[in-house]
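Spelled out, the chains give:
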Amino acid sequence: MPQTVAVLGTGKIGEALLSGMIRAGWRPADLLVTTRRTERAEKLRTRYGVKAVTNAEAAKSADILILAVKPQDMSTLLSELAPHLTADRLVISAAAGITTGFIEGSLAAGTPVVRVMPNTPVLVDEGMSVISAGSHATGEHLDHAESIFGGVGKTLRVPESQQDAATALSGSGPAYFYFLVEAMTDAGILLGLPRAQAHDLIVQAAIGAAVMLRDSGEHPVKLREAVTSPAGTTISAIRELENHGVRAALIAALEAARDRSRELATGNG
Ligand SMILES: NC(=O)c1ccc[n+]([C@@H]2O[C@H](COP(=O)([O-])OP(=O)(O)OC[C@H]3O[C@@H](n4cnc5c(N)ncnc54)[C@H](OP(=O)(O)O)[C@@H]3O)[C@@H](O)[C@H]2O)c1
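Per chain, the residues get numbers from 1 upward, laid out in the order the sequence is written. With the structure being a predicted model, the display of local features is reserved for residues of pLDDT at least 70 and the display and counting of side-chain atom pairs for 80 or more, all residues being used for whole-chain, interface and lining totals. Only heavy atoms go into the side-chain values, all of them from the structure, while hydrogens and water stay out.

1. Remarks on the site of the ligand
1) Next: The immediate surroundings of the ligand are formed by 21 residues, with Ile13, Arg36, Arg37, Val69 and Thr120 found nearest.
2) Next: A 3.5 Å cut-off defines polar contacts: any pair of N or O atoms within that distance qualifies, except that in protein one atom must be a possible hydrogen donor and the other a possible acceptor, and neighbouring residues in sequence count only when both atoms are side-chain atoms. Within the backbone of Lys12, one N or O atom sits 3.0 Å away from an oxygen atom of the ligand.
3) Next: In the environment of the ligand, a nitrogen atom lies 3.0 Å from a nitrogen or oxygen atom belonging to the side chain of Asn55.
4) Next: Per-class residue counts for the shell around the ligand are nine nonpolar, six polar and six charged. One heavy atom within 4 Å of a molecule or strand makes the whole residue count as near it. Polarity classes work like this: nonpolar for Ala, Val, Leu, Ile, Met, Phe, Trp, Tyr, Cys and Pro, charged for Asp, Glu, Lys and Arg, and polar for all others, with Gly in that last group.

2. Points about the pattern of salt bridges
1) Next: The term salt bridge refers to a pairing of a side-chain nitrogen on Lys or Arg with a carboxyl oxygen on Asp or Glu at a separation within 4 Å. Scanning the entire structure with this criterion turns up 17 salt bridges.
2) Next: A salt bridge links Glu126 to Arg214; its shortest N-O distance comes to 3.6 Å. With a gap of 88 residues between them, Glu126 in the loop between strand E6 (113–117) and strand E7 (127–133) and Arg214 in helix H9 (residues 195–216) connect regions that are remote in the sequence.
3) Next: Salt-bridge contacts for Asp259 lead to Arg258; the nearest nitrogen and oxygen are separated by 2.8 Å.
4) Next: What makes Asp259 partly exposed here is its relative accessible area of 32%.
5) Next: Each residue is placed in one exposure class: buried if its accessible area under a 1.4 Å probe, protein chains only, is under 20% of its type's maximum, exposed if it is over 50%, and partly exposed if it falls in between. Judged by its relative accessible area of 22%, Arg258 falls in the partly exposed class.
6) Next: A single salt-bridge network, built from bridges that share partners, covers Glu15, Arg40 and Arg47. Only DSSP runs of H or I covering at least 4 residues are called helices, and only runs of E covering at least 2 are called strands; the numbering of each starts at the N terminus.

Printed below as a string of structure tokens:
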């Protein structure tokens, strides 16, 4: 018997998951969405053929509930769900920084909760979703979460204690690459290239490097060495990167992101 999945708070991440599930073969008839605005619900209904319901209706009828509201809207959503939700349903949260313990404490005792930290490339099916089990979630519950988030990219299981580190690496990760592209485009302009050309050159270098990293199976050092000829251009640039402490800056930056994720998880906004 097919399971009914409800996406609660179908914004950017929720819609990416919904479209990923449909492309992966889920039947729109088995998918429910909830939204705050009715015009958003109407759009999703016409775009995907799914049924728009209230949060209470979703809690009563869905087997799996994906919570995709912003962290600051989570308490309100949980209070709407709690009176209708029994502990035989699976709750999957995609909200950054919200612990499974917080969600478990708001719902019926024994409710299985899975926490997932996706990143924005789920919008183009190249996401990384880091998945952790709450205290009542089993391997089968994690399998369900993987089958949903696996439709929009890769998944990785980690203990919940590593979610803050994973957030620093992959949740915020795309932003570091955008920052690099922005800085390297500025460098291209300094070197006399028009902005549009500099942008295209850097973006294609980034895509090429990303595909090489993913598909060659080679260590990044090996790939870099292949571009670094003796007394050549690349080693001149690498020396400047080391002189300016870029490696140390990246380590410190990710440590700061991990610490901020911890602070947010303890409600220290
Ligand atoms: N975007 C990212 O990079 C990213 C990455 C990892 C994790 N996440 C997590 O994913 C979650 C969603 O992020 P997002 O970027 O998709 O946000 P979003 O686009 O703002 O989507 C959230 C949606 O929830 C709706 N909503 C709020 N309260 C509701 C309620 N009580 N009932 C039904 N719907 C409700 C909002 O409706 P309105 O539009 O009417 O306000 C909005 O459409 C967040 O918790 C975030 O931490 C996001």
